[in-house]
Structure formats: C-alpha cells, structure tokens
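Inside the fold
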Amino acid sequence: MTKTKKSLWKLFATFFKIGAFTFGGGYAMISIIENECVSEKKWLSHDEMMDITVVAESTPGPLAINTATFVGYKVSGALGSAMATAGVVLPSLIIIGVIALFLENFLAIRWVASAFRGIKAAVAFLIFGAGWKMFKKMKKNLLSWVIFSLSLLVMLCVSFGFFAFSSIYLIIISATVGLVIYGVNAMKKRGGDENDR
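The model shown is predicted, which means the values in this text are computed figures rather than measured ones. (Residues numbered from 1 in each chain as written. Predicted model: local features only at pLDDT ≥ 70, side-chain atom pairs only at ≥ 80, totals over all residues. Heavy atoms only, no water.)

For Glu-34, the location among the structural elements is in helix 2 (residues 26-40). Once you skip the residues sitting within four places of it in the chain, Glu-34 turns out to touch Ser-39, His-46, Met-49, Lys-133 and Lys-137. (Helix = DSSP H or I, 4+ residues; strand = E, 2+ residues; numbered from the N terminus. Contact = heavy atoms within 4.5 Å.)

Let us look at the layout of surface pockets. Size it by volume and the largest pocket reaches roughly 2,100 Å³. Taken together, 41 residues line the largest pocket, and the ones lying closest to its centre are Met-50, Val-54, Met-134, Met-138 and Phe-148. Of all the secondary-structure elements, those providing two or more residues to the lining of the largest pocket are helix 2, helix 3 (46-58), helix 5 (110-137), helix 6 (142-159) and helix 7 (167-196). Grouping the amino acids of the lining of the largest pocket by side-chain chemistry returns 25 nonpolar, 11 polar and 5 charged. (1 Å grid on protein atoms, 1.4 Å probe; cavity = no way out; pocket = protein on both sides within 12 Å on 5 of 7 lines; lining within 4 Å. Points joined across faces, edges and corners; volume = space filled by probe spheres on them. Nonpolar A, V, L, I, M, F, W, Y, C, P; charged D, E, K, R; others polar.)

This brings us to empty space enclosed by the protein. Under the counting rule described, the total for this entry stands at 1 cavity of 30 Å³ or more. Estimates place the volume of the largest cavity at around 50 Å³. Taken together, Ile-30, Glu-34, His-46, Met-49, Met-50, Thr-53, Lys-133, Met-134 and Lys-137 form the lining of the largest cavity. Contributing elements (two or more residues each) for the lining of the largest cavity: helix 2, helix 3 and helix 5. For the lining of the largest cavity, the residue count by class is 4 nonpolar, 2 polar and 3 charged.

So, about the packing of aromatic side chains. How two aromatic rings sit relative to each other is given by the distance of their centres and the angle of their planes. Within the structure shown, the criterion is met by 3 aromatic pairs. Centroid distance Trp-9 to Phe-12: 5.7 Å. Interplanar angle 80°. Geometry classified as edge-to-face. On the criterion of helical spacing, the pair formed by Trp-9 and Phe-12 is a turn pair, its members being 3 residues apart in helix 1 (residues 3-21). The buried category is assigned to Phe-12, whose relative accessible area is 18%. For the cation-ring pair, Lys-41 lies above Trp-43, with the distance from its terminal atom to the ring centre recorded as 5.9 Å. (Phe/Tyr/Trp six-rings, centres within 6.5 Å; stacked < 30°, edge-to-face > 60°. Buried < 20%, exposed > 50% of the residue type's maximum accessible area, 1.4 Å probe, protein only. Lys NZ or Arg CZ within 6 Å of the ring centre and 35° of its normal.)

Our focus in this paragraph is the confidence of the model for the protein. Predicted confidence across the protein gives a mean pLDDT of 80, with 87% of residues reaching 70 or more. Within the protein, no element has a lower average pLDDT than helix 5, which sits at 73, and none a higher one than helix 4 (residues 63-102), at 86. (pLDDT = per-residue confidence, 0-100.)

Right, let's talk about the pattern of salt bridges for a bit. Applying the stated criterion across every chain, the model contains 3 salt bridges. Its salt-bridge partner being Lys-17, residue Glu-36 comes within 3.1 Å of it at the nearest N-O pair. You can see Glu-36 sitting in helix 2 and its partner Lys-17 sitting in helix 1, a full 19 residues away along the chain. With relative accessibility at 9%, the residue Glu-36 sits in the buried group. With its nearest N and O atoms 2.9 Å apart, the salt bridge here joins Glu-36 to Lys-41. Bridged by salt links that share partners, the residues Lys-17, Glu-36 and Lys-41 form one connected network. (Salt bridge = Lys/Arg side-chain N within 4 Å of Asp/Glu carboxyl O.)

Here it is in structure tokens:
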C-alpha cells in the first residue's frame, strides 16, 4: 500500500473513531478532533486547528462534518477531504439505521434514557472544554475582548429569555467588525508606507 493510500485510510479511521464515540454534535467533537489531529497525529498546528474551527463554524452545514472536510483537505487534498468526511458521517448513519430498523421506541427504554442523561453531562463539559481552549489560544487585544464580552452578554440575555437574537447575526456582525477594523488598519499601513517613500 502506498504512503498516500495509508494516509487516506488513517484519516478515514481517525474520523470514523471520532464519529463513533462522540455524542453531542460538533462542539463536543472539537476538543477530540484537536486532540487526535494536533496532539496525537501532528497533522495540524493549534493555530491551524483554530482557523479551521472558525471557518467550519462560519460555513453552511454541521460543524463536525465541515471540520472533518477541512482537516482532510489540509492533510491529503480532495481525496483526504472525502475520506475524513465519510469517516465522520458513517458511524451515525450506521447507528441510526440500526435503531430505525430494530427499535421503534429507542429512547423509551429505561437504560437508554439513563445513559443519555449521563452523556448530556459529559457533552456539556466537552463543549465547555472546547470553548475554553479556543479562548486561551485567542489573540487577546482590545477588539477581541470587546467582541467576546458583547457576544457573551448577548448570549446570556438570550439564554435567560430577555430577548430573542440569532447567533447567526452575532457571527455576521463580529465578522463585519473584524473586516472593517482590518480594512482600516490596512489603509493606515499603506498610507504609512507611501509616506516613508
């Protein structure tokens, strides 16, 4: 087996394992994906993983699938992208297919419901852990602190029911502010370079 084929199957196996043993969706998977792809396999740096997470969150589709697609592409191009995506999706398809075929009232089974109650607690921790890791690695300047603080305040108000506001708008507003600040800084830098001449 060639080196390329080995790396493709390694990508598939890694994301199949992540897809099979992670509950709670994309946010719960982020810390596990980072552990596998950054700490264990050394496919990416921490900064690259953070960039991929931000892009995956900002593009349409489930976070876990987008992240797998981008990681696969970074590691082995288009084929890597396809293998990583297939790996992360396949376990869910198999499990849901089996449940649909054989168990009509799956969540009504007492031991299944009890297991899911325990899993919910673990998922909350995984999501918090992923958020904390991203916060620690975030470049902290005045702009990032302002955006972080306002986003936190808005989402707390939404969570407690003070008003309704979609997180999509929060992402769009934050991206717009970042682009405007970047544009202003780029224009200032260009003006400074011209003055130096």
